[in-house]
Amino acid sequence: MKTRQLGNTDLQITPIGFGSWAVGGGGYQFGWGPQDDEQSIAAINHALDLGINWIDTAAVYGLGHAEEIVARALEGRAERPYIFTKCGRVWNDRGEITGNLKARSIRHECENSLRRLQTDVIDLYQIHWPDPDPEIEEGWATIAELKKEGKVRSIGVSNFTISQMRRAMEIAPISSLQPQFSLIKPDIEKDILPFCQEHTIGVIVYSPMASGLLTGSMTRERIAKLPDDDWRKRDPEFQEPRLSHNLELVEKLNEVAFMHNITPGAVAIAWALQHPGVTAAIVGARRPEQVDGIIPAAEFRLTDSETAEIEGFLKEHP
């Protein structure tokens, strides 16, 4: 699998990386319902065996559980992938999540992530959300210090606006941005992606398959049966009137996928990857067989006519 340089770093990453949000499981505000840890570990290893060379996780996924699963999956592997994680979301004993970008909190989070991930250094450490906004400068300065101290190799941000990135860049260069980007959420195309290109900021997009909505396996019946602790059950994209539009889009993706013997999800990922401002895409999987359906996206390229057909549908169905 070919690799791409991530922003101003020396990291050479594959076009798709393994996202571990879902393997954190359920039981908290942003959970995905019950998850079999052994299936998670098998999925991670299958992705690595097929050539993916980076994993994206976060302290808050599963309230620490996802990072622990990543560490368990990497036990005994001769060649370790890059590990990216995030900070800035903390929780109390009741599992209530809040934002905290204070220096003391971030340093505490970093030590906990290093321990859970069973590693001496984090390859990319990111501020998960710019929340609270007034603490952005303190949080970013702290992460820059962690880089100087050798606890992290590269530093990035997630879900930042251009103005928030400008504020951070006055303190230290940004290596990467992690924004949401998909056929359903294409907003960053207009301003944020060009800004990142101009400033050599790598972009690793998340939810290119819209949290499973564009995979082709999501139906109204399946959505109705989602566990109560699966956050998607409350997402407007999984509810009417948007759901009907999104499922119509999946049918369009399926037409293209059928011609190439791939999945609609792979088509959706390929669409996100074709933008020159996008370095790579984070793609989650909860079982090994799901990985097989997304791997083709790393090499597949939409034709100009296929892209026009998909985007034409979106214009006709805003």
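Scoring rules and cut-offs
Residues numbered from 1 in each chain as written. Predicted model: local features only at pLDDT ≥ 70, side-chain atom pairs only at ≥ 80, totals over all residues. Heavy atoms only, no water. Salt bridge = Lys/Arg side-chain N within 4 Å of Asp/Glu carboxyl O. Helix = DSSP H or I, 4+ residues; strand = E, 2+ residues; numbered from the N terminus. Buried < 20%, exposed > 50% of the residue type's maximum accessible area, 1.4 Å probe, protein only. Axes fitted to C-alpha atoms, helices over the stretch in contact; angles between N-to-C directions. Contact = heavy atoms within 4.5 Å. Nonpolar A, V, L, I, M, F, W, Y, C, P; charged D, E, K, R; others polar. Core = buried A, V, L, I, M, F, W, Y, C linked by side-chain atoms within 4.5 Å. Pairing = 2+ DSSP bridges. Right-handed = clockwise from strand over helix to strand, strands pointing away. Disulfide = S-S within 2.5 Å. Phe/Tyr/Trp six-rings, centres within 6.5 Å; stacked < 30°, edge-to-face > 60°. Expected span 1.5 Å × (residues − 1). Arc of directions from axis to C-beta.

Novice: Even after reading the chapter, I still don't get the pattern of salt bridges, so can you show me in this structure?
Specialist: If the charged atoms of two oppositely charged side chains come close together, the side chains can form a pair. Across all of its chains, the model carries 22 salt bridges by this definition. Two residues, Glu145 and Arg107, come together in a salt bridge whose shortest N-O distance is 3.2 Å. In this pair, Glu145 sits in helix H4 (residues 136-148) while Arg107 sits in helix H3 (residues 103-117), placing the two residues 38 residues apart along the sequence. For Arg107, a relative accessible area of 28% translates into the label partly exposed. Linking Glu255 and Lys252 is a salt bridge whose minimum nitrogen-to-oxygen distance equals 3.3 Å. Within this pair, Glu255 and its partner Lys252 are both found in helix H8 (residues 242-260), separated by three residues, close to a single helical turn. The partly exposed category is assigned to Glu255, whose relative accessible area is 45%. Here the salt bridges share partners, and the residues they tie into one network are Asp10, Asp123 and Arg153.

Novice: When you look at the packing of helix H2 (residues 65-74) against H3 in this model, what are you seeing that I'm missing?
Specialist: Each pair of packed helices can be described by the angle between their axes along with the distance between the axes. Interaxial distance between H2 and H3 falls to 7 Å at its minimum, and their mutual angle equals 35°. In this structure, H2 uses Glu67, Glu68, Val70 and Ala71 to contact H3, whose residues at the interface are Ser113, Arg116 and Leu117. The class makeup of the residues in the contact of H2 with H3 is three nonpolar, one polar and three charged.

Novice: How should the nonpolar core be read in this particular structure?
Specialist: Soluble globular proteins: nonpolar side chains tend toward being buried together. Judged by nonpolar contacts, the single largest core of 93 residues is most densely connected at Tyr125, Trp140, Met165, Leu183, Leu214, Val267 and Ile269. With eight residues, helix H9 (residues 264-273) is the largest single contributor of residues to this core. If we skip the residues at most four places from it in the chain, Leu214 touches Leu183, Ile184, Pro208, Met209, Asn246, Leu249, Val250, Leu253, Pro264, Gly265 and Ala268. Ile13, Tyr82, Leu124 and Ile282 belong to the second-largest nonpolar core, a separate cluster that totals eleven residues.

Novice: I tried to follow the sheet that holds strand S4 (residues 54-56) on my own but got confused; where do I start?
Specialist: A barrel is described by the order of its strands in space; here eight strands give the closed sequence S3-S4-S5-S8-S9-S10-S11-S12, paired in parallel fashion. The average angle at which neighbouring strand axes cross in this sheet is 30°, direction not considered. Taken together, the two bridges between strand S10 (residues 176-178) and strand S11 (residues 202-205) define a ladder with parallel strand orientation. Across the sheet, residue Leu177 finds its bridge partner in S11, namely Val203. Against the sheet, H4 touches strand S5 (82-87), strand S8 (122-127) and strand S9 (152-158), its axis set at about 160° to S9.

Novice: Looking at this model, I keep getting lost on unusual backbone geometry. Mind explaining?
Specialist: Note: most peptide bonds trans; most residues except glycine with negative phi. Note that the residue after Asp131, namely Pro132, is joined by a cis bond; omega there is 0°. Take Pro132: it is sitting in the loop between S8 and H4. Omega for the bond connecting Glu240 with Pro241 falls within 30 degrees of zero, at 10°, which places this linkage in the cis form. You can see Pro241 is positioned in the loop between helix H7 (220-224) and H8. Not every positive phi belongs to a glycine, and Gln118 is a case in point at roughly 55°. Note on placement: Gln118 falls in the loop between H3 and S8. Its identity is not glycine, yet Asn159 carries a phi of approximately 65°, on the positive side. By the secondary structure assignment, Asn159 is in the loop between S9 and helix H5 (162-169).

Novice: Even after reading the chapter, I still don't get the pairing of S11, so can you show me in this structure?
Specialist: For a regular strand, the rule is simple: side chains alternate between the two faces of the sheet. Of the two faces of S11, the one holding Gly202 and Ile204 and the one holding Val203 and Val205 are both buried throughout. In this fold, S10 hands off to helix H6 (residues 192-198), which returns the chain to S11; that crossover is right-handed.

Novice: Quick question: what am I supposed to make of the state of the cysteines here?
Specialist: Think of a disulfide as a covalent bridge from one cysteine sulfur atom to another cysteine sulfur atom. Summed over all chains, the structure comprises zero disulfides. Not part of a disulfide, Cys87 finds its nearest cysteine sulfur in Cys110, a span of 7.7 Å.

Novice: I tried to follow the packing of aromatic side chains on my own but got confused; where do I start?
Specialist: Geometrically, a pair of aromatic rings is defined through the distance of the ring centres and the angle of the planes. Considering all chains together, one arrives at six aromatic pairs under this definition. Geometrically, the ring pair formed by Trp21 and Trp32 is edge-to-face, given 5.2 Å between the ring centres and 85° between the ring planes. Residue Trp21 is found in the loop between strand S3 (16-19) and helix H1 (37-49), and its partner Trp32 is found in the loop between S3 and H1; the two are separated by eleven residues along the sequence. For Trp32, a relative accessible area of 9% gives the class buried. Put simply, the rings of Trp21, Trp32, Tyr61 and Trp231 pair up and form one aromatic cluster.

Novice: Looking at this model, I keep getting lost on helix H11 (residues 304-316). Mind explaining?
Specialist: Residues spaced three or four apart along an α-helix point in a common direction, a consequence of the helix completing one turn every 3.6 residues. Taking 1.5 Å of rise per residue, 13 residues should cover 18 Å, and H11 covers 18 Å from first to last C-alpha, within 8% of that figure. Those residues of H11 that sit buried are Glu306, Thr307, Ile310, Phe313 and Leu314. End-on, the buried residues of H11 take up no more than an arc of 125°, which puts them together on one face. H11 presents Asp304, Ser305, Lys315 and Glu316 as exposed residues on the side facing more than 90 degrees away from its buried surface. For H11, the elements touching its buried residues are H8 and H9.

Read these as layout, nothing more, since geometry by itself doesn't imply function.
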